[in-house]
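# Structural overview
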Amino acid sequence: MRTRVSRTLPLIALLTLALPTRVANADFEEECVEEGCDNEELDEMHEDYESECFEETCDVEEVRELAGNRGNINAMLNRFQNLGFRVNACHRVGACAISPGNNDTSFDTFFDGFCNQSSINRHWDDFEMSQSDWDDGFGFNEPCNRNLPLGRTFNALNLLDFFGTSKRSGSDNFLPFYYEYSAGTDELLGRCGSGCPGQCPGCNRQTFALHVNGVDDYTELYWPFFYNQNVFQRASTIVHECRHDDKGHNGGTTCGNGGSCDTTWGYNGANRYEILYLWWLSACADSVLPATTGFRNQIVTSANNQWDKFNTRPTRSDVFGSGVSNPGAPALVPPSSACPAL
Amino acid sequence: MFALGPNAEANYQASLAALRARGGEAIATIVGTYNQADKALYNERAALVETLTELRLPEARDALLAIANEPLSARVPAPDDTIQAIEPESVIRMTAIRGLGHLAVRDDTAANALAALAKHRELSLQEQAKQSLAVVIAQEKDRGRRRRLIELFAGDYQDWLPLQGVTPPTPTRN
């Protein structure tokens, strides 16, 4: 993301000190929607935005004032961003503004390279996807576009099937098991919604995905899944949600996480599946293509961030059985694990 | 950083070495970028902190301390499958704590910080701090320092040493 150092800020600061009240500049509605504004005028508007929202903390109402009305907020922020000015994604209104961020750090650039007609057909069929769930801006007509929800979902599925679509007979390497398991149990639907993507007041919670049990089980994937999670987190979310085909959460809200709690490791629910998938990924990614330590570190850290989703903290004996050393010690995903031969 | 391939690790390590050669300048740039970054860009911020951590430069200590101790919003009871902003934020803090662990091998301030973070209200941060400090204790050759670090540790540090060379547990469908 490009950021801009303001050259006129000191002058504005002096003016602010000299005047008892803020000078009300014309808003985006007047300047840009009604008249059509140039870059200089946008620069001035962004000065106001900088002053209100970065030097101080602004709320939605203040952003709305700068934009003129609520319907202009995203357009204003897009214009700022197009000029290389910084914006806070939390200030966007609605949940369906395309906001891919850096596709390298989200790993989308890498896994987008595996998107081809064959992978599209496989994922589309395996996850029972339908055009009506993925058109209208979700990417149905551009399935390999890494900026769009469908392309980003395919990237997660490309990671899931990168190590195989089913476990080989006789192999103890379970990494390929997770594609087979997920594909066999679920249908994926793209959806808008679930709030803004950040730490805004009143926007502290986001639904990434929701599993719906019924005659036909399915998983709805929401905006934060596409744009707030990197590829391996998205893959682990799909594994988590697909486990809900068999088991929901049974621990209420009394675990450290405050929700999505499973009572124990032995319950064998979605939280255990998610940790195990990340654990196998950290252990066995190298068996197909060597991974960087940075990649592995972030997978392990994400896995170890899940232990507070159990009402009873899993121990080594819960995870490995009673023969393990120091069985009462807390279970941890180690920085490096062994991968069985393929 | 986030790459797979025959040369991925070599390239990653070469990038880290190039940054390491720039020392404080590299750290200042990374920290400046982190501080300026949109809070909602969790992946970008985690990547910056992962880089800071893996540089393993003593000059990064104060920045890692500041990141590890950044305030976190309170957890509130939430409907199932709702992710609170605190979750990706915790990954960023845990990454910084790992970085402090690398430095605590020689740096008492970093070791003391880990002992304090081991009492953090958030379980994930608390556990990462315990794990990092336990590894420092296990590696410490100086008896006096080792004894002091064990005294700092609340509980038995050996409980927090990750198992080495284990295969991940087998998933079951039951």
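What counts and what doesn't
Residues numbered from 1 in each chain as written. Chains lettered and ligands numbered in written order. Predicted model: local features only at pLDDT ≥ 70, side-chain atom pairs only at ≥ 80, totals over all residues. Heavy atoms only, no water. Pairing = 2+ DSSP bridges. Helix = DSSP H or I, 4+ residues; strand = E, 2+ residues; numbered from the N terminus. Axes fitted to C-alpha atoms, helices over the stretch in contact; angles between N-to-C directions. Contact = heavy atoms within 4.5 Å. Disulfide = S-S within 2.5 Å. Buried < 20%, exposed > 50% of the residue type's maximum accessible area, 1.4 Å probe, protein only. Buried area = accessible area lost by both parts, 1.4 Å probe. Salt bridge = Lys/Arg side-chain N within 4 Å of Asp/Glu carboxyl O. Polar contact = N/O pair within 3.5 Å; in protein donor to acceptor, adjacent residues only side chain to side chain. Parallel < 35°, antiparallel > 145°, perpendicular 65-115°, else oblique. Core = buried A, V, L, I, M, F, W, Y, C linked by side-chain atoms within 4.5 Å. pLDDT = per-residue confidence, 0-100. Phe/Tyr/Trp six-rings, centres within 6.5 Å; stacked < 30°, edge-to-face > 60°. Lys NZ or Arg CZ within 6 Å of the ring centre and 35° of its normal.

### A few points about the sheet that holds strand 1 (residues 188-190) of chain A
Residues and elements named next belong to chain A.
- Read across the sheet, three strands follow the order 1-4-3 without closing on themselves; strand pairing throughout is mixed. The open sheet has two edge strands, strand 1 and strand 3 (209-212), and neither has a second partner. Adjacent strand axes in the sheet meet at a mean angle of 25°, parallel and antiparallel pairs treated alike.
- Pairing of strand 3 with strand 4 (residues 218-221) involves four bridges; the strand directions are antiparallel. For V212, the partnering residue across the bridge sits in strand 4 and is Y218.
- Against the sheet, helix 12 (residues 231-243) makes contact with strand 1, strand 3 and strand 4, and its axis sits at roughly 20° relative to strand 3, the strand it touches most.

### Considerations on the state of the cysteines
Residues and elements named next belong to chain A.
- Under the counting rule described, the total for this entry stands at four disulfides over all chains.
- A sulfur-sulfur separation of 1.9 Å characterises the disulfide bridge that pairs C32 with C37. Taking the torsion about the sulfur-sulfur bond, which here is approximately 105°, the covalent link between C32 and C37 counts as right-handed. Like C37, C32 is buried.
- A sulfur-sulfur distance of 2.0 Å marks the disulfide that ties C255 to C261. Taking the torsion about the sulfur-sulfur bond, which here is approximately -75°, the covalent link between C255 and C261 counts as left-handed. In this pair, the class of C255 matches that of C261, namely buried.
- A disulfide-free cysteine, C242 has its sulfur positioned 19 Å from the sulfur of C115, the nearest such atom.
- Exposure remark for C242: the relative accessible area of 0% places this residue in the buried category.

### Considering unusual backbone geometry
All names here are of chain A.
- Backbone geometry places S260, a non-glycine residue, at a positive phi of 55°.
- By relative accessible area, which is 5% here, S260 ends up buried.
- A positive phi angle is found at N326, which is not glycine, with a value near 50°.

### Section: helix 10 (residues 177-185) of chain A
Residue and element names in this part refer to chain A.
- Counting buried residues along helix 10, seven of its nine residues qualify, which places the element largely inside the surrounding structure.
- All of the buried residues in helix 10 are F177, Y178, Y179, Y181, S182, A183 and T185.
- Buried residues along helix 10 sit against helix 7 (117-126), helix 9 (149-162), helix 12 and helix 13 (270-284).

### Some points on the interface of chain B and chain A
- At the interface, 63 residues of chain B touch 90 residues of chain A.
- A combined buried area of about 6,500 Å² lies between chain B and chain A, and 53% of that area is made up of carbon and sulfur atoms.
- Of all residues in chain B, F2, L4 and D81 of chain B bury the most surface against chain A, accounting for 13% of the area lost on that side.
- Here chain B and chain A share two salt bridges between them.
- R313 of chain A is the salt-bridge partner of E127 of chain B, the closest N and O atoms lying 2.7 Å from each other.
- For the interface between chain B and chain A, the tally reads 20 residue pairs in polar contact (both at pLDDT 80 or more).

### Focus: the pattern of salt bridges
- Taken as a whole and assessed by the stated rule, the structure comprises 23 salt bridges over all chains.
- In this structure, R296 of chain A engages D286 of chain A in a salt bridge whose closest nitrogen and oxygen atoms are separated by 2.9 Å. Of the two residues, R296 of chain A is situated in helix 14 (residues 293-304) and D286 of chain A in the loop between helix 13 and helix 14; the sequence distance between them amounts to 10 residues.
- The buried category is assigned to R296 of chain A, whose relative accessible area is 15%.
- A salt bridge links R45 of chain B to E89 of chain B; the shortest N-O distance between them is 2.8 Å. A residue pair is termed long-range when its members are at least 10 positions apart, and R45 of chain B in helix 3 (residues 42-55) and E89 of chain B in helix 5 (residues 86-103) qualify at 44 residues.
- The class of E89 of chain B is buried, set by a relative accessible area of 0%.
- What emerges from the salt-bridge pattern is a single network uniting R45, E70, E89 and R93 of chain B.

### A closer look at the packing of helix 6 (residues 108-117) of chain B against helix 8 (residues 143-152) of chain B
Residues and elements named next belong to chain B.
- Between helix 6 and helix 8, whose axes approach to 9 Å, the crossing angle comes to 25°. Comparing their axes, helix 8 and helix 6 come out roughly parallel. Each of D108, A111, N112 and A115 in helix 6 lies in contact with helix 8, whose residues at this interface are R145, L149 and L152.

### Description of the nonpolar core
- Formed by 64 residues in total, the largest nonpolar core has its most connected members in W134, L159, L160, Y178, I238, Y277 and L281 of chain A.
- Put simply, the parts of the chain that give this core at least two residues each are helix 7, helix 9, helix 10, helix 11 (223-227), helix 12, helix 13 and helix 14 of chain A.
- Counting residues in hydrophobic clusters, the runner-up holds 47 residues, among them L48, A115, A118 and F153 of chain B.

### Focus: the confidence of the model for chain B
- Confidence in the prediction of chain B, expressed as mean pLDDT, is 94, and 100% of residues score 70 or more.
- Scored as a complex, the prediction yields pTM 0.82 and ipTM 0.97.

### Description of the side chain of D161 of chain A
- Mapped onto the fold, D161 of chain A is located in helix 9.
- Engagement of the side chain of D161 of chain A in a polar contact is seen with the side chain of R122 of chain A, the distance being 2.6 Å.

### Points about the packing of aromatic side chains
Residue and element names in this part refer to chain A.
- Counting across every chain of the model gives 34 aromatic pairs over all chains.
- Relative to F110, the ring of F107 lies with its centre 5.4 Å away and its plane at 10°, an arrangement referred to as stacked.
- For F110, a relative accessible area of 24% gives the class partly exposed.
- Seen in terms of ring centroids, W223 and F226 are 5.8 Å apart; in terms of plane orientation they differ by 85°. Their pairing is edge-to-face. Of this pair, W223 and F226 both sit in helix 11, three residues apart, roughly one helical turn.
- An aromatic cluster of at least three residues, connected via ring pairs, comprises F107, F110, F111, F114, F162, F163, F232 and F295.
- Geometry around F174 places K167 over its ring, the cationic atom sitting 4.8 Å from the centre.

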